[in-house]
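# Inside the fold
Spelled out from the first residue to the last, the chains are:
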Amino acid sequence: MAEPAKTLDGWYCYHDFRTINWAEWKQLSETERDSILNEFLELAKQWDDTQAKFEGSHGLYSILGQKADLMILWLRPTMDELIELENEFNKTRLAAFTTPTYSYVSVVELSNYLPSDKDPEQDPEIQARLKPILPKWKYVCFYPMDKRRDGDDNWYMLSMEERSTMMRSHGMIGRTYAGKVRQIISGSVGFDDWEWGVTLFAHDVLQFKKLIYEMRFDEVSARYGDFGTFYVGQTMDESDIKPYFSIAE
């Protein structure tokens with residue numbers, strides 16, 4: 001049996017994707033729409049307060065394409081809190097005008113493929129990676145992925161030394177995009193249908209394409225990587241919510 005990688009686990013993550021029923025939303029009066037959005041903004045204010053205390057983070061994103069209109073991303077210390085957040089949002093009047101299209105449950109993780117002599121509990125850089133405050137960079141990209149288990153291309157049959165060597169090479173590509181792309185890797189084995197979720201942030205949306213394309217040629221991805229559906233969109237501030245939902249009369 002090959003040696004399993006050990007992980008440091010941080011905040012739990014929930015990616016919630018929704019479409020909006022624009023036909024029904026348009027039937028409401030401007031006063032009704034404004035009241036519904038004010039209710040949602042009050043809820044978002046509670047999320048802001050939690051983030052200000054470094055007890056979690058959140059982001060709201062406008063997704064491009066027909067897979068979804070919105071993505072809400074929550075990070076919290078416990079999965080119980082994510083269950084409460086989802087339930088609380090589902091009870092809002094705004095949620096009644098949305099339809100869930102996809103979701104992803106995971107936990108932020110760091111593996112020992114890239115060893116460190118630092119104490120993870122005391123090192124602020126490691127703690128910031130395990131408990132990240134979501135950046136307000138303009139664009140977001142999310143996709144799930146697996147390591148392949150197919151005949152001779154079985155990641156889980158490789159030795160720790162082989163996997164560590166390949167992951168070091170893989171990580172070197174990512175480092176060349178420092179300052180251009182930020183990433184959060186979250187593990188989902190036992191939580192969802194894929195093994196990892198990858199959430200990327202950038203100021204220039206083209207950097208997603210460049211990074212992921214370059215990594216396709218690395219052996220970790222080319223031989224052992226399987227990828228799910230990609231979602232891409234823009235980061236929204238609370239000030240963007242009312243303009244996004246506004247209807248020309």
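Here the structure is shown first, and the text comes after it.
The paragraphs below set out a description of the structure included in this document.

What counts, and where the lines are drawn
- Residues numbered from 1 in each chain as written.
- Predicted model: local features only at pLDDT ≥ 70, side-chain atom pairs only at ≥ 80, totals over all residues.
- Heavy atoms only, no water.
- Buried < 20%, exposed > 50% of the residue type's maximum accessible area, 1.4 Å probe, protein only.
- Helix = DSSP H or I, 4+ residues; strand = E, 2+ residues; numbered from the N terminus.
- Pairing = 2+ DSSP bridges.
- Disulfide = S-S within 2.5 Å.
- Expected span 1.5 Å × (residues − 1).
- Contact = heavy atoms within 4.5 Å.

Within strand β3 (residues 70–76), seven of the seven residues are buried, which leaves it mostly tucked inside the rest of the structure. Judged by which residues are buried, β3 turns out to be covered on both faces: L70, I72, W74 and R76 on one side and M71, L73 and L75 on the other are all buried. As judged from the seven bridges shared by strand β1 (residues 7–20) and β3, these two strands associate in the antiparallel manner. Bridge assignment links F17 to a residue of β3, and that residue is M71. Sheet analysis places strand β2 (residues 57–63) next to β3, joined by six bridges and oriented antiparallel. Residue pairing for β3: S57 is matched across the bridge by L75. Two successive antiparallel strands, β2 and β3, enclose a turn made up of six residues, where G65 displays a positive phi of approximately 105°.

So, on to the state of the cysteines. Per the stated rule, a full pass over the model turns up zero disulfides. C13 carries a free sulfur, and the closest cysteine sulfur to it, the one in C141, is 15 Å from it. The exposure class of C13 is buried, given its relative accessible area of 2%.

Taking 1.5 Å of rise per residue, 16 residues should cover 22 Å, and helix α5 (residues 160–175) covers 22 Å from first to last C-alpha, within 8% of that figure. Looking at the buried positions of α5, the neighbouring elements they touch are α6 (206–216) and α7 (219–222).

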